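This is what each chain is made of:
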Amino acid sequence: MRPLDLTKKFSFGINLDDTWRYTEVQEPKSIIFPHLLSLSLKEGVTFEKREEATIAFHHQGIPQNEAERASLALADALKSIGVDFVRCWFPWRFFEPNPIPLESLDGMPDMSYTSWPTDGLVKSLTNQGISLMPVLACGYQRMLPHGLTPDSGREDYIRRATFHARQVVRHYKDTVKTWQIENEPNWWRMHEAGGWRTGAAWLEGGSFTDELLESLNTAVHEEDSGATTMINLEADEERPKIAEYSKYCDVIGLDFYPNYKTSEPVDPSVLRKADEFANEAGKPLMIAETGYPSGPSPLGYTEDKQADYVEGALREAYSLDKVTAIGIWRYLDTSWRSFPPQENHFGLIDEKEGPKAAWYRYGHVLKDLRG
């Protein structure tokens, strides 16, 4: 396994949004309204010459369960097209379903979680030479231990998040060297408005944000002095205040979705903003997330347009002087439903594991750029 080096040009990645699929953790329940809306906008195939294929499972040996099968198939598929890294959620609740009593934390500095459901995924990817960039301590409500919110006590929440980060980094420090801490801290208000986060603390910013990010960054580096941390920022709506966050990480990630609200024009040139932000960051930059949905078709999204965007984004990012990596959102559509409806169509692979046009385009572009 080659450690992910975000100081050199250039690494190509894919994002996973459904880590539960590669574990034995139960899939979270879809929110009712997005699920019903997705049914009303049911998709047909829009790519006329779509190849009849599925992602083949060709790993030798018989997996013990479906999670292992999915992990091995994922690693085989990504290796086949030359992906360098996977960025994925490591939901806090996977390791700590219910909050550990606060009074227990001080007495257990060397404690280790009793369950590590992501071990199989990490092993499958790293065995194929694919690096990981897990997201640590994301405060989405569906990812937190049952009943935990920062509003129950901001200082206690930071303390818990830091403890959690230490356990995870300590466990994986021999195989995982790059960690994202939290997710889009400049966009927490919108996450709360969309129902992804719960609590007034996410609306406040200020000292809570600073203390949480600083504590998580410190925890990662104290557990593994050779690790790299990344903070990703939403970069579409307005110029992100990068200097406010760059002091709490080693690399700045930027998230671009120029077609999130409208299907046209398909124009990945927005990624050029990343080079403009480089001086403010004062450290390496990567495109952590960017993508284009293949549906819903009533809104003008198609597989052809998705493939065009993926190709354009890969080439655009590769051409930029200050950008060292790009992560395409995302690998697979799932039955889990989010909102708005285009959220459910960003996969390069459909729910039945059939490759979309963008999957083939991704592989072709990587071969071309690498000569």
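Residues numbered from 1 in each chain as written. Predicted model: local features only at pLDDT ≥ 70, side-chain atom pairs only at ≥ 80, totals over all residues. Heavy atoms only, no water.

A. Region of interest: the overall build of the protein. Regarding its fold elements, the protein presents 14 helices and eight strands. Counting over 371 residues, the protein shows a buried share of 56%. In the protein, 76% of the contacts between residues at least 6 apart in sequence involve partners at least 24 apart. As presented, the protein carries roughly 15900 Å² of accessible surface, and 49% of it is formed by carbon and sulfur atoms. (Helix = DSSP H or I, 4+ residues; strand = E, 2+ residues; numbered from the N terminus. Buried < 20%, exposed > 50% of the residue type's maximum accessible area, 1.4 Å probe, protein only. Contact = heavy atoms within 4.5 Å. Areas by Shrake-Rupley, 256 points an atom, 1.4 Å probe, with all protein chains shown as cover.)

B. Here's a closer look at the sheet that holds strand β8 (residues 323-328). Strand order in the closed barrel formed by eight strands is β1-β2-β3-β4-β5-β6-β7-β8, and the pairing between neighbours is parallel. On average, adjacent strands in this sheet sit at an angle of 25 degrees to one another, irrespective of strand direction. Where strand β2 (residues 85-89) and strand β3 (residues 131-136) come together, five bridges link them in parallel fashion. Bridge pairing in β3 links V86 to L132. Contacts from helix α6 (residues 154-172) reach β3 and β4 (178-181) within the one sheet, and its direction differs from that of β3 by about 165 degrees. Sitting on the sheet, helix α14 (residues 357-370) is in contact with β1 (11-16) and β8, with an inclination near 165 degrees to β1. (Pairing = 2+ DSSP bridges. Axes fitted to C-alpha atoms, helices over the stretch in contact; angles between N-to-C directions.)

C. Seen up close, the pattern of salt bridges. Here the structure, examined in full by the defined rule, presents 19 salt bridges. Its salt-bridge partner being R370, residue D84 comes within 2.7 Å of it at the nearest N-O pair. Within this pair, whereas D84 is found in the loop between α2 (66-81) and β2, its partner R370 is found in helix α14, the two being separated by 286 residues in sequence. Across the pair D333 and K356 runs a salt bridge whose closest N-O atoms are separated by 2.6 Å. Within this pair, whereas D333 is found in the loop between β8 and α14, its partner K356 is found in the loop between β8 and α14, the two being separated by 23 residues in sequence. Accessibility classification places D333 together with K356 in one group, the buried group. (Salt bridge = Lys/Arg side-chain N within 4 Å of Asp/Glu carboxyl O.)

D. Geometry of the nonpolar core. In terms of nonpolar packing, the biggest core is built from 97 residues, with L78, W179, L254, I326, Y331 and Y362 touching the most fellow members. Other than its neighbours up to four places away in sequence, W179 contacts F90, P134, L136, V168, V169, Y172, V220, A227, T228, T229 and M230. One finds L6, V251, M286 and A325 within the second-largest nonpolar core, a separate group that totals nine residues. (Core = buried A, V, L, I, M, F, W, Y, C linked by side-chain atoms within 4.5 Å.)

E. Structural view of empty space enclosed by the protein. Throughout the structure, instances matching the rule amount to two cavities of 30 Å³ or more. The calculated volume of the largest cavity comes to roughly 80 Å³. Lining the largest cavity we find D17, T19, W20, P28, W89, P91, R93, F94, R142 and M143. Partitioning the lining of the largest cavity into residue classes produces six nonpolar, one polar and three charged. (1 Å grid on protein atoms, 1.4 Å probe; cavity = no way out; pocket = protein on both sides within 12 Å on 5 of 7 lines; lining within 4 Å. Points joined across faces, edges and corners; volume = space filled by probe spheres on them. Nonpolar A, V, L, I, M, F, W, Y, C, P; charged D, E, K, R; others polar.)

F. Representation of the confidence of the model for the protein. On average, residues of the protein score 88 in pLDDT, and 88% of them reach the 70 mark or higher. Across residues 32-60, where pLDDT falls below 50, the model places 55 contacts with residues more than four positions away in sequence or in other chains. (pLDDT = per-residue confidence, 0-100.)

G. Representation of the packing of aromatic side chains in the model. Enumeration according to the criterion identifies 24 aromatic pairs in this entry. Seen in terms of ring centroids, W89 and Y140 are 5.5 Å apart; in terms of plane orientation they differ by 50 degrees. Their pairing is tilted. Pair noted here: W89 is in strand β2 and Y140 is in the loop between β3 and α6, with a separation of 51 residues, a long-range link. For the pair W89 and Y140, one class covers both residues: buried. Of the aromatic side chains, those joined through ring pairs into one cluster are F90, F95, Y113, W116, Y172 and W179. Its end group placed over the ring of W89, R87 keeps NZ or CZ at 5.8 Å from the ring centre. Positioned above the aromatic ring of W202, the side-chain terminus of R197 is 4.5 Å from the ring centre. (Phe/Tyr/Trp six-rings, centres within 6.5 Å; stacked < 30°, edge-to-face > 60°. Lys NZ or Arg CZ within 6 Å of the ring centre and 35° of its normal.)

H. How the structure looks around α6. Compared with the 27 Å implied by 1.5 Å per residue over 19 residues, the 27 Å span of α6 between its first and last C-alpha is a close match. Turning to α6, its buried residues are Y157, I158, R160, A161, T162, F163, H164, A165, Q167, V168, V169 and Y172. (Expected span 1.5 Å × (residues − 1).)

I. A look at the pairing of β4. What you see with β4 is no split at all: T178 and Q180 on one side and W179 and I181 on the other are buried throughout. Examined bridge by bridge, β3 and β4 share two bridges and lie parallel to one another. Counted as the bridge partner of V135 is Q180 from β4. Tracing the backbone out of β3, into α6 and back to the parallel element β4 gives a crossover that is right-handed. (Right-handed = clockwise from strand over helix to strand, strands pointing away.)

J. Expanded view of the packing of α6 against helix α9 (residues 206-223). Between α6 and α9, the least distance of the axes is 9 Å, while the angle of their chain directions is 25 degrees. In terms of orientation, α6 and α9 fall into the roughly parallel class. As for how α6 packs across α9, the hand of that crossing is right-handed. Taking contact as the criterion, the partners of R154, Y157, I158, A161, T162, A165, R166, V169 and R170 in α6 are, on α9, F208, E211, L212, S215, L216, A219, V220, E222 and E223. Of the residues in the contact of α6 with α9, the class split is ten nonpolar, two polar and six charged. (Parallel < 35°, antiparallel > 145°, perpendicular 65-115°, else oblique. Left-handed = near helix turned anticlockwise from the far one by under 90°.)

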